[in-house]
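Descriptive analysis of the structure
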Amino acid sequence: MVGRRICGLVAALWFVLIVPDSEIMAQNSPETVDLQDPDPWLLWGGQTTLRGANIFQRRVYLELDGTNFMGSGAVGPPYSQADFDRLAAMGANYVNISHPGLFSEKPPYQLAVEMQSNLDQLLTMAAVADLFSVISFRTGPGRSEFTFYWGEDDDWFDASYYNDEVWREQAAQDAWVAMWRHTAARYKDNPVVVGYDLMVEPNSNEVWFDEWDPEEFYSSYGGTLYDWNQLYPRIISGIRDVDTRTPIIAGCMAYSAVEWLPFMVPTTDERTVYSVHQYAPFAYTHQDESENNTYPGVFDLDWDGQPDTFDVTWLTELHQTVDDFVTTHSVRVAANEFGVQRWAPDGARFMSDQMQQFEDRDMNYALWAWEPSWAPWAEEVHAFNFRFGPDPQNVTDVASSDLLDAIQNKWSRNTIRPSTFVGSCDAPAILGQPQSQTANAGESVTLAVTATGTAPLQYQWYQGSSGDDSQPLSGTQGSTFTTPALVQTTSYWVEVTNTCGSAQSDTATVTITSSGPWWLHLVPAVAHNPGAANTLWLTDIGVLNQSGSTATLVVNFNSNSGTNPGEVTLSLADNTHVEWANVQESMFSVDPASDDSGSLVIAATEPLIITSRTYNQTANGTFGQFMPAIVSGAALSDGEIGYLPQIKGNLSFRTNIGVISAGTTPTAVRIRLFDSSGNRIGSDLTMNVAAGNWLQQYDVFSAAGAGDQDLAFATVEVETGSAWAYASVIDRLTGDPTTVPLQRNSER
């Protein structure tokens, strides 16, 4: 079983800000912030300014997580722009990004590009949603995610996944400094980044000594590598080498537990925030569904076997440790992580009182957690997903709940966002549109847009007509875009965004003129994915040149994921036959662990014979199916009907139907099923396929509600565009597929 625990151990989080000049901070409360000088430090002083939530991501371990639960990327669970937009729409103005560090966890400690790219994407989505952000690193050199699951080995992972060498190796600590110096240099000018959280929940006391008495710990290990007080000032110094402006956040030892805060030694840096985690009392905030510890209530809060009174007075006394720290060091406080499981009795009242304590102390705060809409994750990890309401069995958003209302009531007090904090914010405006062009077949062209608006501007190019965002082009986040080598007329457009709006360009069409014949071949389906019944599918492509001349080939992979890995250009001598085994990996460098299927478009200067074999890998070998490539012009066009005979859906067989859009515009296809007597069965199925892409309807008889059929046929009718189709009849026992190519009826 994949591990699902997300939060830390018994702990609580507060942010504490050193105020070098209380008079200056008082003059810069949120009502009087100088928007001409948007200093992020101003957000952490005065009255409560930032109210929001934490998002969580970690490295994906395919051997533990599979390819679905955390998504198929390097980091998960996946967050979308819609997730960020919904957080902002509910009133939050702040997201704490609890994220893997940008350097590798094991030596040689170096930049992990996939982590950096993921963080870039999250910050872009936060900017578009108009949310302030803090970058919080959970892991890094000498520290793995499994430190947060201490003691759970032999449950869903083994002890080999632990890595807490940062507390024993000088090289790992030096690399942690270097990682943050790199991070600060990269993000210091990002207007939505308003803080760097150096390490989420430092914890050497548990992982190496199981020591929970702060006096005993510091008496024995103070000043050693195990002491966070000697490491975090070095990290701050590294950051200040490149960034003197962005606030820094440093939690205390013991998972930032509140009782360890007095042992935190403040630095001389005047823009450092000190933090603890606030989930106390754990017996209430993390109680099982069957427990009934209430608020207010009487139960054992501190594991001494004696009942305690739990109410707002208890909360006030808990805060006294923080108040004392504030008084001793002349600092201000904010709470950046706290929460309660959604089914806790009277959780709404507890959260309202908790947040009011923060408000009364002029504290910023962010709760745990804002969960993504990624269904496999949301359906299993939902204890802190307040959007699901108090019913433990419900795993969908509710219209309202007492807890949801309590949170939104406080979030509604937000008045400042990045778009207002930076002063006069101008939405993007396009001054120079990308221009339509002509090109010879096989050539690339460069498209450009000129835009104005408050920086930073983000660009995303798409294939298709303006407004159609179904085909984003990966790696095209600049004001210019160079197309792949084109062999057919293709349209593109670009969207420009910043924190206060967006603008869409006109459509730019690249018209291909003739420069000698080009033959277009469409390979309807190439697979690189797990299928039903534990099948795993890959595709090999065969190309035979018997044209009499050397052929130039331009190969494009249209991924169902919406990414565009670019084209591959190569030549093939006459009388030569080649095979591209596992074509996505060998030709387009698709990640071996990814689920990334689609179709191929192969343009050639000579007529070729192109075939494919898609096969399921089993313990006893492979079961494969032949799939011919189709040439341009062989597809069905508007109003035409094709047939797929000899298909089955019963206990022994299932049938999938695949459709490829064979033109330059999207395709709509209607699938109808008939029994062996020609009677209509089940409901019609409509498949909408983006231009040049492939889509497969799995188990069509089940999808259409057509029942069991030992022998049947399907019609494929093109409603718009042009398309070709096939059926794949798969033996349920062996996974062996049989291809049924589209057939035409010449009499109709």
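Report on the accompanying structure. (Residues numbered from 1 in each chain as written. Predicted model: local features only at pLDDT ≥ 70, side-chain atom pairs only at ≥ 80, totals over all residues. Heavy atoms only, no water.)

1. Some remarks on the environment of Gly-389
Just so we agree on the cut-off: Numbering of helices and strands starts at the N terminus; helices are DSSP runs of H or I of at least 4 residues and strands are runs of E of at least 2. Burial here depends on accessible area, computed with a 1.4 Å probe over protein chains only, as a share of the maximum for the residue type. Under 20% is buried, over 50% is exposed, and the range in between is partly exposed. Every residue pair with non-hydrogen atoms within 4.5 Å of one another is taken to be in contact.
Looking at where Gly-389 falls in the secondary structure, it is placed in the loop between helix H13 (375-378) and helix H14 (402-411). Among the residues examined, Gly-389 registers a relative accessible area of 3% and is labelled buried. Taking the C-alpha atoms as reference points, Gly-389 and Ser-400, 11 residues apart in sequence, are found 7.5 Å from one another. Other than its neighbours up to four places away in sequence, Gly-389 contacts Arg-342, Val-398 and Ser-401.

2. Quick notes on the sheet that holds strand E36 (residues 680-689)
Cut-off, in case you're wondering: Any two strands with at least two DSSP-identified bridges between them are counted as paired. Geometry is summarised by axes, namely lines fitted to C-alpha atoms with helices restricted to the contacting stretch, and by angles between N-to-C directions that run from 0 to 180 degrees.
Read across the open sheet, the 4 strands follow the order E33-E38-E35-E36; overall the sheet is antiparallel. Both outer strands of the open sheet, strand E33 (641-649) and E36, are each paired with one neighbouring strand and no more. Pairwise comparison of adjacent strand axes, ignoring direction, gives a mean angle of 25° for this sheet. Pairing analysis gives 8 bridges linking strand E35 (residues 667-675) to strand E38 (residues 709-720), with the strands arranged antiparallel. Each bridged residue has a counterpart across the sheet, and for Arg-670 the counterpart in E38 is Glu-717.

3. Let's talk about the sheet that holds strand E32 (residues 630-631)
Spatially, the 5 strands line up as an open sheet ordered E27-E26-E29-E23-E32, and their pairing is antiparallel. Strands with a single pairing partner mark the edges of an open sheet, and in this sheet they are strand E27 (567-572) and E32.

4. A short note on the side chain of Asp-540
The cut-off we apply is this: The charged-residue count follows a simple rule in which Lys and Arg add positive charge and Asp and Glu add negative charge, with His and chain termini not counted at all. Here, a salt bridge means any Lys or Arg side-chain nitrogen found within 4 Å of an Asp or Glu carboxyl oxygen. Within 3.5 Å is the distance limit for a polar contact, defined as a pair of N or O atoms, with the added protein rule that one can donate a hydrogen and the other accept it, and that residues adjacent in sequence qualify only through two side-chain atoms.
Residue position: Asp-540 is located in strand E25 (residues 536-545). Here Asp-540 occupies a buried position and makes no salt bridge, while the nearest side chain of opposite charge, Arg-613, is found at 4.7 Å. Among the polar contacts made by the side chain of Asp-540, one reaches the main-chain amide nitrogen of Asn-582 at a distance of 2.7 Å.

5. Things to note about the pattern of salt bridges
Under the counting rule described, the total for this entry stands at 22 salt bridges. Notably, a salt bridge pairs Arg-744 with Glu-640, separated by 3.4 Å at the nearest N-O pair. With a gap of 104 residues between them, Arg-744 in the segment after strand E40 (737-741) and Glu-640 in the loop between E32 and E33 connect regions that are remote in the sequence. Assessed through its relative accessible area of 29%, Glu-640 is described here as partly exposed. In this structure, Asp-684 and Arg-680 form a salt bridge, with 2.8 Å as the shortest nitrogen-oxygen distance. Judged by relative accessible area, Asp-684 falls into the partly exposed class, the value being 26%. Connected via shared salt-bridge partners are Arg-670, Arg-672, Arg-680, Asp-684, Glu-717 and Glu-719.

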